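Summary of the model geometry
Chain by chain, the residues run as shown.
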Amino acid sequence: MKQYLGIILSVIYALAIRLLGEMDVIEINSISFLIITPILIGFVPFFFKQTEFLRSTYKVIGFPIISVLLFLMIAVISRLEDLACFIIIGFPYVLISAAASLILRSIFEDKNKSIHKNALPIYLLPILFGMMEKQLPKQETELTISNEISIHSNPQTIWNNLLNVPDLKNERKSSFIHLLGIPRPIKSSYDAKTNIRLGYFENDIVLNESVVESIPLQKMIFKINLNNSNLKNSPTLEHVLKNKNIEFKHITYQLSAINEKRTKLKLSTTFTVHTNISFYGKFWSKLIIEDFETNLLQSLKSTIEQKNL
């Protein structure tokens, strides 16, 4: 029975570290949370001297994986995370915790020993290192993701639909990123007096945007006003944007006529990734923004062309 206690303690430990992240003691997008914590999750069962556990490769690999999945399920149910975070956090957690468990098994298998109780302070490492990590400058990488599409319409008609984006509900496409819980755009409205565009998304997400540059029928540039946006129903977006793991610089639409009946619409997003795990942050940010742009352009194309029929 003691070996299964390791799973319970691993879940409790992971939840405790995640709550410290919510309290801003450590950061979620950090080496402390994404690397050190899952390593320690793999350590927990080895505090219990269990020959049966040590001799079972399935248990050595399976226990940390089960612990991670239970932790993430509880985090999603409690709204600490959503499905996107389940995948983003889950991938390194599963791999690292299982690998750590296998390495420890190779150390203790023949000796039939458990980790000495004096090693318990090692579980403070994510907190201590995390607090130090918060004080260190993060790596900054500026990226621009661009996508374009050909629309069977003239530039004027398309331009008229960029500030006040029509209802896209019937034309939105599903994708892998959407299935993970990243909200899709619905519509937008523009107030010329305040120069504010409100972009409405699924899950009652609202982005407050200002038009910072406009060249009629050619280019329009938006800037997101994060403090005035509503992100509460998307834990992933709230964590990433409000903690400035991703900082949007500007979003640009560019139009160019192909012929009298067709126009090329290009959408570009320029943003900065702030992280100490650069490759992982860049991978997910590029994947999500690439998917978002493609989905939005396809939805705009379908909606505008339907109007022209």
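**Some details on the overall build of the protein**
When helices and strands are tallied, the protein shows 10 helices and seven strands. Overall, the protein is about 80 × 40 × 30 Å in size when its C-alpha atoms are taken along their principal axes. Across the 309 residues of the protein, 50% fall into the buried class. Within the protein, residue pairs in contact and separated by at least 24 positions form 70% of the contacts whose partners lie at least 6 positions apart.

**Brief notes about helix α4 (residues 57–77)**
Look at α4: 30 Å from first C-alpha to last across 21 residues, which is about the 30 Å you get at 1.5 Å a residue. Where α4 is concerned, the buried positions are K59, V60, G62, F63, P64, S67, V68, F71, L72 and A75. Backbone geometry just downstream of α4 places R79 in the positive-phi region, at approximately 70°.

**Let's talk about the nonpolar core**
Generally speaking, nonpolar side chains in soluble globular proteins are found buried as a group. With 40 residues, the main nonpolar core has I17, F33, L34, F71, I89, Y93 and Y123 as its most contacted residues. Listing elements by their share of this core, those giving two or more residues are α1 (2–22), α2 (31–43), α4, α5 (83–108) and α10 (278–308). Ranked by residues supplied to this core, first place goes to α5 with nine residues. With residues near it in sequence (within four places) discarded, Y123 still touches Y13, L40, F43, V44 and F47. Ranked by size, the runner-up nonpolar core spans 26 residues in total, among them L163, L207, L241 and L297.

**Focus: unusual backbone geometry**
Only a minority of non-glycine residues have a phi that is not negative, and only a minority of peptide bonds are not trans. Phi at R79 takes a positive value of approximately 70°, unusual for a residue other than glycine. The residue R79 is located in the loop between α4 and α5 in this model.

**Quick look at the environment of L69**
Examined against the element boundaries, L69 turns out to sit in helix α4. Placed 24 residues apart in sequence, L69 and Y93 show a C-alpha to C-alpha distance of 9.2 Å.

**Considering helix α9 (residues 235–242)**
Among the residues of α9, those classed as buried are P235, T236, H239 and L241. K244 sits one or two positions beyond α9 and adopts a positive phi of about 60°.

**Some details on the pairing of strand β5 (residues 219–224)**
The side chains of a regular strand alternate, residue by residue, between the two faces of the sheet. Sheet topology note: the strand β4 (residues 206–215)/β5 ladder contains six bridges and is antiparallel. Each bridged residue has a counterpart across the sheet, and for E213 the counterpart in β5 is I221. Inspection of the sheet shows β5 paired to strand β6 (residues 246–257) by four bridges, in the antiparallel sense. By the bridge assignment, I221 is partnered in β6 with T252.

**Structural notes on the packing of α2 against α4**
Two measures define how a pair of helices packs: the angle their axes make with one another and the distance between the axes. Running from amino to carboxyl end, α2 crosses α4 at an angle of 125°, the nearest separation of the two axes being 9 Å. Classified by the angle their axes make, α2 and α4 are oblique. By crossing handedness, the relation of α2 to α4 is classed as right-handed. Taken together, the residues of α4 that come into contact with α2 (itself represented by F33, I41 and G42) are P64, S67, V68 and F71. The class makeup of the residues in the contact of α2 with α4 is five nonpolar, two polar and no charged.

**Section: the packing of α2 against helix α6 (residues 125–135)**
Close contact between α2 and α6 brings their axes to 10 Å; oriented N to C, the two are set at 165°. Our classification of the angle between α2 and α6 gives roughly antiparallel. Between α2 and α6 the crossing geometry is right-handed. Contacts between α2 and α6 involve I31, S32, I36, T37 and L40 from the first element and L125, P126, F129, G130 and E133 from the second. Class assignment of the residues belonging to the contact of α2 with α6 gives a composition of six nonpolar, three polar and one charged.

**Examining the packing of aromatic side chains**
For any pair of aromatic rings, the description consists of the separation of the ring centres together with the inter-plane angle of the planes. Counting across every chain of the model gives nine aromatic pairs. For the ring pair Y13 and Y123, a centre distance of 4.9 Å and an interplane angle of 85° mean the geometry is edge-to-face. Of this pair, Y13 sits in helix α1 while Y123 sits in the loop between α5 and α6, and the two are 110 residues apart along the sequence. Each member of the pair, Y13 as well as Y123, is classed as buried. The interplanar angle of 75° and the centroid separation of 6.4 Å between the aromatic rings of Y280 and W284 together place this pair among those described as edge-to-face.

Rules used throughout
- Residues numbered from 1 in each chain as written.
- Predicted model: local features only at pLDDT ≥ 70, side-chain atom pairs only at ≥ 80, totals over all residues.
- Heavy atoms only, no water.
- Helix = DSSP H or I, 4+ residues; strand = E, 2+ residues; numbered from the N terminus.
- Buried < 20%, exposed > 50% of the residue type's maximum accessible area, 1.4 Å probe, protein only.
- Contact = heavy atoms within 4.5 Å.
- Expected span 1.5 Å × (residues − 1).
- Core = buried A, V, L, I, M, F, W, Y, C linked by side-chain atoms within 4.5 Å.
- Pairing = 2+ DSSP bridges.
- Axes fitted to C-alpha atoms, helices over the stretch in contact; angles between N-to-C directions.
- Parallel < 35°, antiparallel > 145°, perpendicular 65-115°, else oblique.
- Left-handed = near helix turned anticlockwise from the far one by under 90°.
- Nonpolar A, V, L, I, M, F, W, Y, C, P; charged D, E, K, R; others polar.
- Phe/Tyr/Trp six-rings, centres within 6.5 Å; stacked < 30°, edge-to-face > 60°.

Function cannot be inferred from these measures alone, as they are strictly geometric.
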